[in-house]
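Residue-level structural notes
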Amino acid sequence: QQPAMETVMLSPLAHGQSRPCAASHAPATGSRVERITSRPCVGAALPLALVASGLTVPMLAARRSRASRRRISRWIAARAASPSSAEVQTRAERNLLNNYGKRSLVFTHGEGDWLFEADGRKYLDFTAGIAVNCLGHSDPGWSAAVSKQAGLLCHTSNLYLNTEQVTLGEKLVELSFADKAFFCNSGTEANEAAIKFARKFHYSAGKPREQFIAFENAFHGRTMGALALTWKEAYKKPFQPIMPSVDFLKFNETAGLDRITESTCAVFVEPLQEFLSALRARCDEVGALLVFDEVQCGLGRCGKLFGYELTGVKPDLLTLAKPLAGGLPIGAVLLTERLAACIGPGDHGSTFAGAPLVCAAANYTLDQVSSEALLSNVQEMGEQLRAGLRRLAEPRGFKVRGEGLLNGIVFDDAQGCGAVQKKAQEHGLLVLTAGAGNVLRIAPALTVGPEEIDEALQRLEKAFA
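These lines cover the structure that appears in this document, whether it is placed above or below. (Residues numbered from 1 in each chain as written. Predicted model: local features only at pLDDT ≥ 70, side-chain atom pairs only at ≥ 80, totals over all residues. Heavy atoms only, no water.)

This part covers the overall build of the protein chain. Looking only at helices and strands, one finds 16 helices and 17 strands in the protein chain. Relative to its 465 residues, the protein chain shows a buried fraction of 50%. Nonlocal contacts in the protein chain, meaning residues at least 24 apart in sequence, comprise 68% of its contacts between residues at least 6 apart. A total of about 22000 Å² of accessible surface is found on the protein chain, and carbon and sulfur atoms cover 54% of it. (Helix = DSSP H or I, 4+ residues; strand = E, 2+ residues; numbered from the N terminus. Buried < 20%, exposed > 50% of the residue type's maximum accessible area, 1.4 Å probe, protein only. Contact = heavy atoms within 4.5 Å. Areas by Shrake-Rupley, 256 points an atom, 1.4 Å probe, with all protein chains shown as cover.)

Before going further, it helps to spend a moment on the pattern of salt bridges. A full pass over the atoms with the stated rule returns 14 salt bridges. Residues Lys200 and Asp347 are paired through a salt bridge, measuring 2.5 Å at the closest nitrogen-oxygen approach. A residue pair is termed long-range when its members are at least 10 positions apart, and Lys200 in helix α8 (residues 187–204) and Asp347 in the loop between α12 (337–340) and α13 (356–369) qualify at 147 residues. Overall, Lys200 belongs to the partly exposed group, its relative accessible area being 22%. Arg282 is the salt-bridge partner of Glu285, the closest N and O atoms lying 3.3 Å from each other. Taken together, the positions of Glu285 and Arg282, both in helix α11 (residues 276–286) and three residues apart, correspond to about one turn of that helix. Overall, the relative accessible area of 58% leaves Glu285 in the exposed class. Given the relative accessible area of 17%, Arg282 is considered buried. Salt bridges sharing partners connect three or more residues here, namely Arg280, Asp284, Asp316 and Arg338. (Salt bridge = Lys/Arg side-chain N within 4 Å of Asp/Glu carboxyl O.)

With respect to burial, strand β7 (residues 211–215) is a largely interior element, five of its five residues being buried. Judged by which residues are buried, β7 turns out to be covered on both faces: Gln211, Ile213 and Phe215 on one side and Phe212 and Ala214 on the other are all buried. As judged from the three bridges shared by β7 and strand β9 (residues 264–269), these two strands associate in the parallel manner. When the sheet's bridge partners are listed, Phe212 is paired in β9 with Ala266. As paired elements, β7 and strand β8 (residues 246–249) share four bridges and run parallel to each other. Note that in β8 the partner of Phe215 across the bridge is Leu249. (Pairing = 2+ DSSP bridges.)

The next subject is the packing of aromatic side chains. For the structure on display, the rule yields eleven aromatic pairs. Judged by centre distance (5.4 Å) and plane angle (85°), the ring pair of Phe215 and Phe275 falls under edge-to-face. Here the residue Phe215 occupies a position in strand β7, and Phe275 occupies one in the loop between β9 and α11, the gap between them amounting to 60 residues. Each member of the pair Phe215 and Phe275 is classed as buried. Ring pairs connect the aromatic residues Phe177, Phe306 and Tyr308, which therefore count as one cluster. Sitting over the face of the ring of Trp114, Lys122 holds its NZ or CZ atom 4.3 Å from the ring centroid. (Phe/Tyr/Trp six-rings, centres within 6.5 Å; stacked < 30°, edge-to-face > 60°. Lys NZ or Arg CZ within 6 Å of the ring centre and 35° of its normal.)

The four strands are arranged β13-β14-β17-β16 in an open sheet whose pairing can be described as antiparallel. The open sheet has two edge strands with one neighbour each: β13 (399–403) and β16 (432–434). If you compare each strand with its neighbour and ignore which way they point, the axes differ by 30° on average. Across the face of the sheet, helix α14 (residues 372–393) comes into contact with β13, β14 (406–410) and β17 (439–442) while running at roughly 165° to β13. (Axes fitted to C-alpha atoms, helices over the stretch in contact; angles between N-to-C directions.)

A word on the packing of helix α7 (residues 163–175) against α13. It is at 8 Å that the axes of α7 and α13 come closest, and there the two elements cross at 35°. Relative to α13, α7 is oriented so that their crossing is left-handed. Between α7 and α13, the contacting residues are Glu164, Gln165, Thr167, Leu168, Lys171, Leu172 and Leu175 on the first element and Pro356, Cys359, Ala360, Ala362, Asn363, Leu366 and Asp367 on the second. (Left-handed = near helix turned anticlockwise from the far one by under 90°.)

For Lys250, the location among the structural elements is in the loop between β8 and β9. Between the C-alpha atom of Lys250 and that of Asn217, which follows or precedes it by 33 residues, the distance is 8.7 Å. Non-local contacts of Lys250, meaning those with residues more than four positions away in its chain, are made with Phe215, Glu216 and Phe275. Polar side-chain contacts of Lys250 include one of 3.1 Å to the side chain of Glu216. (Polar contact = N/O pair within 3.5 Å; in protein donor to acceptor, adjacent residues only side chain to side chain.)

Moving on, we get to the environment of Leu105. Here Leu105 lies in the loop between α4 (85–95) and β3 (107–111). As a C-alpha pair, Leu105 and Ala86 span 19 residues in sequence and 9.3 Å in three-dimensional space. Once you skip the residues sitting within four places of it in the chain, Leu105 turns out to touch Gln89, Glu117, Tyr123, Gln425 and Leu430.

Our focus in this paragraph is α13. In this model, α13 (14 residues) spans 20 Å end to end at C-alpha, consistent with the 20 Å of a helix rising 1.5 Å per residue. Within α13, twelve of the 14 residues are buried, which leaves it mostly tucked inside the rest of the structure. Listing the buried residues of α13 in full gives Pro356, Val358, Cys359, Ala360, Ala361, Ala362, Asn363, Tyr364, Thr365, Leu366, Gln368 and Val369. (Expected span 1.5 Å × (residues − 1).)

Below you can see the structure in the form of structure tokens.
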């Protein structure tokens, strides 16, 4: 089955010019976001220069029709000339660092919950780019917002302000516990910044603290500070020595919380745990900071805008990344005023962070994921998905766990989990593994619908067979 034909929109640019926007693969009925939120996406507008030229609407329509046909013809020719997957893999092996292992799929485009290879084979994507593509692939409103900003201003550095960055900061502060926002480029960068901010807080109080607390099986990133907070020894061993002052506790065991002491700088945890009230109380008791890593579980993934809203516990700092810009690289740290007051010019920074282009994408994305309609969709689709997963997993003795649209099946071992993941791919369903490799992680776009949930469950059932 061939993918739907691309459509190309026009958007106004500065000085009355126009150019093709980023191609959208959205079906003619509109994006999933539009159907859920009933919000109009950023559409085409008549450039002022064309209006002033005296061209009539029929003339403009005819001109646009001819231009559209030419663009579609060029697109078809480009598709016909696309290299084969085997050729791309050969070139990758020759030129790219092999830090990701062999990658067998080569995608050319996406549409909603689907990814397509050059030969037309399609896959139901229940990875969402590792929980990044929260609005699905090629959402028309997102594409238009990015295209519009690309024609205006992409990058200035943080020597100067830009409206999109300030607007995004305002929204995040208004929607959360925080008083200030800091922007970076990824989840690991956000956690690195939180490490520095925590250290600076205690330094400013005249009582520097070195120790950090994280938890067994946690993952907080691959750069040297965040890597020290990550449990898996295989990730760390080749790069020792890394930051040495990290102790690991067991999740949800309050008996070990006495290891958080007056020497503890901060505690890092993903807030999908049962013992957060006790953890908050212990941090307050000894003056340690509590950092919630919501790089994956935040921004609607669990049915609330922020994961901490499910717990009733507020952190001192919170890190964000993956879905914030709907597919473009961004990270953020949200923090209270008492921490923000300790951070001055020169304490931290980034050349690319908070650039107009990525912040325009994030502003559009945040408007969508913070809507009640989309959050309700996450809750409803999550319940449907977990019910179906239980029907598949529990008769086989496997446990299903999750919240919203972040769900997993816990296998006995990594080998069995990997085998089902591989079979699912053979049946056109993309899913992930997590934990020690023994958890099959299912994390579709937040805009996923009931039909796609049912289709995924049918394909997963075949993978179990």
